[in-house]
Every structure is written in C-alpha cells, then in structure tokens.
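Fold and geometry: a report
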Amino acid sequence: MSDILVHNTTETFNITSNSTEEASNPNASAIIIIVYIAIMLISSAGNLLVLAVVYRNESKRMRTTINFFIVNMSCSDLLITFCNIPLAISGVATSNNVPFDGVLGRIYCGVTTLLFYLSIEVSLMSLVSITVDRFLAVFNPFNKLITTSRAAFMIAIIWLVAFGFTTPLAIHSEPYQNQYFRSCLFRNLSWKSFRDYMISGLTVFVVLPLLLMIILYSSIVVKLFRQKTPGELSVIFQEQRNRRNRKVLLMLFIVVTVTIVCWLPYFSVFTACVLADEVESCYLDLYFQILAFANCALNPCVYIIFIESFREGFYRILSSVFCRIKREVNPAGPAHHSYQYLSISP
C-alpha cells in the first residue's frame, strides 16, 4: 500500500494503495517499477537459495533451530515477494490498485491485506524466537531447551497466531471506487473498533517484540563480556563458544536493525494515523512501501555475509548450476573440465 487514506466515520476506515501521483509521471513510474523488479529478483533468488541450502543439507550443522527460524523468515519474505510486490507493480503501472471488482475484488483485497500484515508479524516473531534461543544458549549452555522439534512447534504457533490476528482485517477488506482510483476499504468497522484493534496489533507484534529483543540482547552482551571459566581447556572451549555466539548475535543485530530501518517509516505514519482522535486523511508515501519491501531482499544478503555455512551452501548450489550449464553447452567436452573440483571456500 502506498497511501493511507483515513476516513473517520462510523462504518469505514479506508487504507488505499493509490499511486496516481507517481504514475502520472512516466519517468518516475518506470524507475519505481525497475526498483520493484530488482527487489523482487534479489529477494526471490536469495530467499529461495536459503530454503534450498537448508533443504539439501541434512547435516546437523544446517538443521539447527536458528536456521529453522531463518527459513521461516524467508518464507514470510517470499509471501511479499511473490504476492504483494507484483500487485504493487501493477498499481504503479495502471494507477489502479484493485484490478477487479465484485467478488474477485473482495478476494483480492482480502488476500493482499492478509499477506502484507502476516509477513511482518511472522518475521518479527521469528526474530524474537531466535533471540530467545540465543539467550537460553548463553545462560544455560549445557541444557538445550529449544530443540528442532520444539522450534517446528513454535513456528506453527507463530503462523497460527499471526493468521488468526490478521484474518478479521482480511474479512472486512473490500474494494472501494472513487472518482480517481479503486482501492481497498475496511467496511463495517467503527473507528474506535479499528483503532483499538490496530493499537493492540502494534503493541503485540511490534512494540513488545522490539522491547523484549533489546532486553535479551543487552543481557546476552553483558553475560558474554563478564563470563569467566577457570582452567586452560575450559577457557579455550568457552572462548570458542563465545566467538560463535558473537557472530550469531552480530548477524541478528544487523537483521533486526535492517528490519527496523525498513519498516519504521511505514509503521510510524501508520501509528500516527491510528492514534489520531480525529483525522480526515493521512498519506503514506509510496517510497515508504518500497523501503519496507526492500527488507525482503536485504535479509538473505545478511545471511550470506555473516553465516559461513550459508555461504558455502550458496557456493555449492551455484557451482552445481554452472556445472550443469557447462555440460549442456558443451556435452562432448572432456570430463576433467567439469566443475566438480571448483573450490567453494569463502
């Protein structure tokens, strides 16, 4: 959604994705579409590679609880990549954010609303789960409380909670046509009901997770710097474990920071609109949406940079693809020209 138009009435709250101003300038529209396509290509390639690396590698090194939650975040990013971004491109290209009316229009509004909010809720709760996992690993290193089976159960709960909370919004989202454009409108909701609902959602899925992560990260950092273990072998073992924890924490810190930077403008304007007692209109710039969508493409880049096992997995997959292309291009070539000996060291 590029704009938020708020009508403070007793029965409607209008959140639109109007891009008429940008679309009126062909050059601006072309640039925006190119940026959307770049985000979609990077996000789809990066997140699909994340899934492929974990799926193809059955070793314990990759089948960890952290990687399970990372895969979960990649799945939520792919929802926006394959569903919301193409629709956003269509909106910019046609100046019409809802290409259908009637039953198809209601399905369209419901699905896009559901996927948009579902994705960010799942991502934030997955980040909280990873933070809790690292907190327990640092403060209780000899008792693994979150196993892979428990992580799978937590992921299922995350999706069920996010789906349950977002479904009422999707049900009330319907197409709305004015003299300029067609967009999605929340019908049969009083202003107070909508405001209370959204405030509770922002509190549960945004504010509390961020506060919890700040508290846990602070506790972990203090613990790692103050931790001392007697004995030479114990010190070496402790230092190796602390080094691994620091790498993971740095990666998580970057992911959380990128998520906050990408989504903060969107949620800041949205929160200001929701908290206002009386408001006739509230506009969310299209570029805030582009920044939010960019988070889907940046996350897999962070994994590649900071997680060695993912880098190696990416190199293996890419080497396999290049080897296959080489054989198809030159099927009669000598066997010793194969890429099977290509180094994958980062």
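An account of the accompanying structure is given in this report. (Residues numbered from 1 in each chain as written. Predicted model: local features only at pLDDT ≥ 70, side-chain atom pairs only at ≥ 80, totals over all residues. Heavy atoms only, no water.)

**Observations concerning the overall build of the protein**
Selection rule: Secondary structure is summarised from DSSP: a helix means a run of H or I of at least four residues, a strand means a run of E of at least two, and numbering begins at the N terminus for each. Any residue under 20% of the maximum accessible area for its type is buried, any over 50% is exposed, and the rest in between are partly exposed; the area is computed with a 1.4 Å probe on protein chains only. Only the protein chains shown count as cover for residues, and the accessible areas themselves come from Shrake-Rupley with a 1.4 Å probe.
Each helix and strand counted, the protein has nine helices and three strands in total. Starting at the N terminus, the α and β elements of the protein follow one another as β-α-α-α-α-α-β-β-α-α-α-α. For the protein, with 346 residues in total, the buried portion stands at 46%. For the protein, the accessible surface area stands at approximately 17600 Å², while carbon and sulfur atoms represent 66% of it.

**Observations regarding the environment of Val274**
Defined as follows: It only takes one pair of heavy atoms within 4.5 Å for two residues to be counted as in contact.
Following the sequence through the fold, Val274 ends up in helix H7 (residues 232–275). Considering only alpha carbons, one finds Val274 and Met198, 76 residues apart in sequence, at a separation of 7.2 Å. Those residues in contact with Val274 that lie beyond four places of it in its chain are Trp191, Arg195, Met198 and Ile199.

**Structural notes on empty space enclosed by the protein**
Gaps between atoms show up when a probe of the same size as a water molecule is rolled over them. What counts, and what does not: Only protein atoms enter the 1 Å grid, on which a cavity is a set of points fitting a 1.4 Å probe that cannot get out and a pocket is an open set with protein on both sides within 12 Å along at least 5 of 7 lines, lining residues being those with an atom within 4 Å of a point. Grid points are joined across faces, edges and corners, and a volume is the space filled by probe spheres set on the points.
According to the stated counting rule, one finds three cavities of 30 Å³ or more in the structure shown. Taken as a whole, the second largest cavity holds about 100 Å³ of empty space. Around the second largest cavity sit Tyr117, Ile120, Glu121, Leu124, Phe165, Met198, Gly201, Leu202, Phe205, Val206, Phe267 and Phe270, which together line it. Taken together, the elements giving at least two residues each to the lining of the second largest cavity come down to helix H4 (102–139), helix H6 (191–226) and H7. Counting residues per element, the lining of the second largest cavity draws most heavily on H6, at five residues.

**Points about the side chain of Thr113**
As a reminder, the rule being used: Polar contacts, as counted here, are pairs of nitrogen or oxygen atoms within 3.5 Å of one another; within protein the pair requires one atom able to donate a hydrogen and one able to accept it, and residues that are adjacent in sequence qualify only if both atoms are side-chain atoms.
One can find Thr113 in helix H4. From its side chain, Thr113 meets the backbone oxygen of Cys109 in a polar contact 2.8 Å long. In this structure, Thr113 is in contact with Thr166, Leu169, Ala170, Ser173 and Phe186, ignoring residues within four places of it in sequence.

**Considerations on the environment of Val54**
Locating Val54 in the fold gives a position in helix H2 (residues 26–56). On the accessibility criterion, Val54 (7% relative accessible area) is buried. For the pair Val54 and Val71, spaced 17 residues apart in sequence, the C-alpha separation works out to 7.8 Å. The contact partners of Val54, leaving out residues within four places of it in the chain, are Met62, Arg63, Asn67, Val71 and Phe310.

**Re the packing of aromatic side chains**
Pairs of aromatic rings are described using the distance from one ring centre to the other and the angle between the two planes. Formally: Centres within 6.5 Å make a pair out of two Phe, Tyr or Trp rings, where for Trp the six-membered ring is used; the pair is then stacked when the planes are under 30 degrees apart, edge-to-face when over 60, and tilted otherwise.
Tallied over the entire structure, the rule returns 13 aromatic pairs. An aromatic cluster of three or more residues is present, and its members are Tyr36, Phe116, Tyr117, Trp263, Tyr266, Phe267 and Phe293.

**Let's talk about helix H5 (residues 148–172)**
Let me state the cut-off plainly: How far a helix is expected to stretch is found by multiplying one less than its residue total by 1.5 Å. One axis is fitted to the seven residues ending at the residue and one to the seven starting there. The bend at that residue is the angle between these axes.
Between its terminal C-alpha atoms H5 stretches 37 Å, which fits the 36 Å expected from 25 residues at 1.5 Å a residue. At Thr166, H5 shows its maximal bend, which comes to roughly 35°, and the proline Pro168 appears one to four places after that position. Inspection of H5 places Ala151, Ile155, Ile158, Ala162, Phe165, Thr166, Leu169 and Ala170 among the buried residues, and these make up the whole buried set.

**Section: helix H8 (residues 286–306)**
Helix length check: H8, at 21 residues, gives a terminal C-alpha distance of 31 Å against a target of 30 Å (1.5 Å per residue), a fit within 8%. Along H8, the helix axis deviates most sharply at Ala297, where the bend reaches about 35°; the proline Pro300 sits within four residues downstream.

**Topic: the pattern of salt bridges**
To keep things clear, this is the line we draw: We define a salt bridge as a contact between a side-chain nitrogen of Lys or Arg and a carboxyl oxygen of Asp or Glu at a distance within 4 Å.
Taken as a whole and judged by the stated rule, the model has two salt bridges. Between Arg106 and Glu174 there is a salt bridge, and its shortest N-O distance comes to 3.3 Å. Taken together, the residues span a long stretch of sequence, with Arg106 in helix H4 and Glu174 in strand S2 (residues 173–177) at a distance of 68 residues. The exposure class of Arg106 is partly exposed, given its relative accessible area of 45%. Asp133 is paired through a salt bridge with Arg134; the nearest N and O atoms lie 3.0 Å apart. Residue classification places Arg134 among the buried positions, given a relative accessible area of 13%.

**Topic: a nonpolar patch on the surface**
Let me state the cut-off plainly: Like-charged residues are merged into a patch within 9 Å and nonpolar side chains (Val, Leu, Ile, Met, Phe, Trp, Tyr) within 5 Å, provided each residue has over 30% relative accessible area and no salt bridge.
A contiguous nonpolar surface patch, about 470 Å² in accessible area, is contributed by Phe100, Val103, Leu104, Ile107 and Val111. Mapping Leu104 onto the fold places it in helix H4.

**A few points about the packing of helix H3 (residues 65–94) against H8**
Packed helix pairs are specified by the crossing angle of their axes together with the interaxial distance, meaning the distance between the axes. The condition that has to hold: As a rule, the C-alpha atoms of each element are fitted with a line to give its axis, helices using only the stretch in contact, and angles between N-to-C directions run from 0 to 180 degrees. Note on convention: near helix rotated counterclockwise from far helix by under a right angle means a left-handed crossing. Clockwise means right-handed. Residues are grouped as follows: nonpolar covers Ala, Val, Leu, Ile, Met, Phe, Trp, Tyr, Cys and Pro; charged covers Asp, Glu, Lys and Arg; every other residue, Gly included, is treated as polar.
In the contact formed by H3 and H8, the axes pass within 10 Å of each other and the chain directions differ by 145°. Note on packing geometry: the crossing formed by H3 with H8 is left-handed. From H3, Ile70, Met73, Ser74, Asp77, Ile80, Thr81, Asn84, Ile85, Ala88 and Val92 reach across to H8, where they touch Leu286, Gln289, Phe293, Cys296, Asn299 and Tyr303. Classifying every residue of the contact of H3 with H8 by side-chain character gives 10 nonpolar, five polar and one charged.

**Focus on the layout of surface pockets**
Estimated volume of the second largest pocket: approximately 270 Å³. Together, 16 residues line the second largest pocket, and Val206, Val207, Leu210, Leu264 and Phe267 are the ones closest to its centre. Broken down by secondary-structure element, the contributors of at least two residues to the lining of the second largest pocket are H4, H6 and H7. Per element, the largest residue contribution to the lining of the second largest pocket is eight residues, and it comes from H7. Tallied by class, residues from the lining of the second largest pocket come to 12 nonpolar, four polar and no charged.

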